[in-house]
Amino acid sequence: MRIYVAGHRGMVGGAILRQLEERCGGAEQLDLVTRTHAELDLTNQAAVHAFLQAERPDAVILAAAKVGGIHANNTYPADFIYENLMMEANVIHQAFVAGIQRLLFLGSSCIYPKQAPQPMAEDVLLTGVLEATNEPYAIAKIAGIKLCESYNRQHGTDYRSVMPTNLYGPGDNFHPEDSHVLPALIRRFHEAAEAGRDEVVIWGTGTPRREFLHVDDIAAASLFVLDLPREQYEASTQPMLSHINVGCGEDISILELAQLVARITGFKGKIVTDPSKPDGTMRKLMDVTRLKDMGWKPTIGIEQGVKDTYRWFLEYGDTARL
């Protein structure tokens, strides 16, 4: 197939690209379509229309998104909802206009209500209030799911959605303010160990629990779902509840995560919590029964994954991308 990977320079898109290359025995064996942001602005409807009309891929993997941690979501809510809505609407609609029948949309576990029962099954979507710190981003991701479902219902397309839990790995964003919790901790503890500091302060109480999935696992799961025969996908989902959770089914407290990162980075000092900073949702654990029943499970544990990510950080630094 001729495949367009939107967001191929991001952490997830890059991992998907690597796995496609490995599957086909090298990039030269693939019929891939990619564009950088400088080459194609996905928030520009006319540009996306012209691009997909010209390229006509057989399938689209929509891994492009504006992402960030609590600080970034709180600081730039308009950017998060506008850019993600525009990218999703443009790519999904213009894929349909170009006659592209197959599409995979990648969302986020933040689509679920703040007080959702744990673990969160797919059917708790739209049953309660969202976490306030990332509501704009979550609404955009919910809209992406509903776009896919609506085009399927009205036009008979085969547009699928996967909802990953918290992701990390090579190619992550290690910015001290705008990154997600795990890469932020890796950078903070690395710098503290290098400087010989006595303590590291982490945001919040340390009690919230989070589930983490290595980026290579979400890439494998995404391709697994994309490859499923349509009959099997539709038999395992519902027309208005078609998204699939992707996670490992286990979580860890933020304090336990900090202790793990401290050990891997060689930090020997004290870990101090700062309750004046927001905790966010107290627990976000995915119910991955649907995907497990389809025949997929992750292969990379949290300790192995953090070691892998730290090695990448040491080699490439916090500004490099694969």
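Quick note: structure is the one above.
About the criteria used
Residues numbered from 1 in each chain as written. Predicted model: local features only at pLDDT ≥ 70, side-chain atom pairs only at ≥ 80, totals over all residues. Heavy atoms only, no water. Buried < 20%, exposed > 50% of the residue type's maximum accessible area, 1.4 Å probe, protein only. Helix = DSSP H or I, 4+ residues; strand = E, 2+ residues; numbered from the N terminus. Pairing = 2+ DSSP bridges. Right-handed = clockwise from strand over helix to strand, strands pointing away. Polar contact = N/O pair within 3.5 Å; in protein donor to acceptor, adjacent residues only side chain to side chain. 1 Å grid on protein atoms, 1.4 Å probe; cavity = no way out; pocket = protein on both sides within 12 Å on 5 of 7 lines; lining within 4 Å. Points joined across faces, edges and corners; volume = space filled by probe spheres on them. Nonpolar A, V, L, I, M, F, W, Y, C, P; charged D, E, K, R; others polar. Core = buried A, V, L, I, M, F, W, Y, C linked by side-chain atoms within 4.5 Å. Contact = heavy atoms within 4.5 Å. Salt bridge = Lys/Arg side-chain N within 4 Å of Asp/Glu carboxyl O. Axes fitted to C-alpha atoms, helices over the stretch in contact; angles between N-to-C directions. Parallel < 35°, antiparallel > 145°, perpendicular 65-115°, else oblique. Left-handed = near helix turned anticlockwise from the far one by under 90°.

1. Re the pairing of strand E4 (residues 102-106)
Across the five residues of E4, four count as buried, placing the element largely inside the fold. Summarising the sheet, strand E3 (residues 59-62) and E4 pair through four bridges and their orientation is parallel. When the bridges of E4 are listed, Ala59 appears paired with Arg102. Pairing between E4 and strand E5 (residues 158-164): five bridges, direction parallel. Counted as the bridge partner of Phe105 is Ser161 from E5. In this region the chain leaves E4, passes through helix H5 (residues 135-155) and returns to the parallel neighbour E5; the handedness of that crossover is right-handed.

2. Topic: the side chain of Ser108
Counting through the fold element by element, Ser108 comes out in the loop between E4 and H5. A distance of 3.2 Å separates a polar side-chain atom of Ser108 from the backbone nitrogen of Cys110.

3. So, empty space enclosed by the protein
Inspection of the entire model under this criterion finds two cavities of 30 Å³ or more. Considered as a void within the structure, the largest cavity measures approximately 50 Å³ in volume. Every residue along the wall of the largest cavity is listed here: Ser109, Cys110, Tyr112, Pro113, Lys114, Glu131, Asn134, Thr281 and Lys284. Within the lining of the largest cavity, the residues separate by chemical class into three nonpolar, three polar and three charged.

4. Side note on the nonpolar core
Among the nonpolar cores identified, the biggest contains 39 residues, and Tyr4, Leu42, Leu52 and Leu103 are the most heavily contacted of them. Put simply, the parts of the chain that give this core at least two residues each are strand E1 (2-6), helix H2 (45-55), E3, helix H4 (77-97), E4, H5 and E5. By residue number, the principal contributor to this core is H5, which donates six residues. When sequence neighbours within four positions are dropped, the list of residues in contact with Leu52 reads Tyr4, Pro57, Val91, Gln94, Ala95, Ala98 and Ile100. Ile3, Ala15, Ile218 and Trp296 belong to the second largest nonpolar core, which has 30 residues in total.

5. Here's the deal with the pattern of salt bridges
Evaluated as defined, the whole model comprises 18 salt bridges. Salt-bridge contacts for Arg160 lead to Asp158; the nearest nitrogen and oxygen are separated by 2.9 Å. Judged by relative accessible area, which is 1%, Arg160 ranks as buried. With a shortest N-O distance of 2.6 Å, Asp251 and Arg283 are connected by a salt bridge. Of this pair, Asp251 sits in the loop between strand E10 (244-246) and strand E11 (252-253) while Arg283 is found in strand E13 (residues 283-284), placing the two residues 32 residues apart along the sequence. Note on Arg283: relative accessible area 33%, which makes it partly exposed. Ionic contacts of the salt-bridge type, sharing partners, join the residues Arg2, Asp31, Arg35 and Glu55 into one network.

6. Re the packing of H4 against H5
Between H4 and H5, the least distance of the axes is 8 Å, while the angle of their chain directions is 15°. It follows that H4 is roughly parallel to H5 by the angle criterion. In this structure, H4 crosses over H5, and the sense of that crossing is right-handed. Seen from H4, the contacting residues are Pro77, Phe80, Ile81, Asn84, Leu85, Glu88, Ala89, Ile92, His93 and Phe96; seen from H5, they are Pro136, Tyr137, Ile139, Ala140, Lys141, Ala143, Gly144, Leu147, Cys148, Tyr151 and His155. A class-by-class count of the residues in the contact of H4 with H5 yields 15 nonpolar, four polar and two charged.

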